[in-house]
Amino acid sequence: MHKITILSVEDDKALQSVIQTYLEEDGHTVLTAGSGKELQSHLEKATHADIILLDLTLPDTEGMGLIPVIRMKTNVP
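**Q** Help me understand the overall build of the protein in this model?
**A** The helix and strand inventory of the protein stands at three helices and three strands. Helices and strands in the protein line up, N terminus first, as β-α-β-α-β-α. Expressed along its principal axes, the backbone C-alpha trace of the protein runs to roughly 30 × 25 × 20 Å. Looking at the protein as a whole, 32% of its 77 residues are labelled buried. Residue pairs in contact within the protein that sit at least 24 positions apart in sequence constitute 63% of those at least 6 positions apart. If you sum the accessible surface of the protein, you get close to 4900 Å²; carbon and sulfur atoms cover 57% of it.

Encoded structure:
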């Protein structure tokens with residue numbers, strides 16, 4: 001199975017840790033962000049990700065509001 005790079009955007013540190021642990025145990029590379037600002041930083045750096053897991057409620061913005069920002073920078077699902 002092809003292992004992928006996943007960008008997980010989640011502000012709950014405990015949940016982020018669980019997500020990261022399970023995905024890494026399966027052999028995937030996991031990048032993390034805890035806010036919309038951190039997600040945008042990853043996008044500005046052109047960080048490679050095969051998929052983005054996006055929390056809908058972040059401390060600095062609503063996840064749904066970030067979708068247009070993501071689409072302007074990448075076509076990653």
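**Q** I'm lost on the nonpolar core in this one. Help?
**A** If you look at soluble globular proteins, the nonpolar side chains tend to sit buried side by side. Grouped together as the largest cluster of nonpolar side chains are eleven residues: L7, V9, A33, L39, L43, A49, I52, L58, L66, I70 and V76. Those elements giving two or more residues to this core turn out to be β1 (5-9), α2 (36-44) and α3 (63-73).

**Q** How should the sheet that holds β1 be read in this particular structure?
**A** Hydrogen bonds between backbone groups are what pair the strands of a sheet, and the pairing can be parallel or antiparallel. Judged by pairing direction, the sheet is parallel, and its three strands sit side by side in the order β2-β1-β3 without closing on themselves. The sheet is open, and its two edges are formed by β2 (29-33) and β3 (51-54), each paired on a single side. Looking at each pair of strands side by side, their axes are set apart by 20° on average, direction ignored. Alignment of β1 against β2, held across five bridges, turns out to be parallel. Within β2, the residue paired with L7 across the bridge is L31.

**Q** Would you explain the side chain of D55 in this entry?
**A** Tracing the chain through its elements places D55 in the loop between β3 and α3. The charged side chain of D55 is buried without a salt bridge, its nearest counter-charge being K13 at 13 Å. Ignoring any residue separated from it by four or fewer positions in sequence, one finds D55 in contact with V9, E10, D11 and G63.

Basis of the calculations
Residues numbered from 1 in each chain as written. Predicted model: local features only at pLDDT ≥ 70, side-chain atom pairs only at ≥ 80, totals over all residues. Heavy atoms only, no water. Helix = DSSP H or I, 4+ residues; strand = E, 2+ residues; numbered from the N terminus. Buried < 20%, exposed > 50% of the residue type's maximum accessible area, 1.4 Å probe, protein only. Contact = heavy atoms within 4.5 Å. Areas by Shrake-Rupley, 256 points an atom, 1.4 Å probe, with all protein chains shown as cover. Core = buried A, V, L, I, M, F, W, Y, C linked by side-chain atoms within 4.5 Å. Pairing = 2+ DSSP bridges. Axes fitted to C-alpha atoms, helices over the stretch in contact; angles between N-to-C directions. Lys, Arg positive; Asp, Glu negative; His and termini not counted. Salt bridge = Lys/Arg side-chain N within 4 Å of Asp/Glu carboxyl O.

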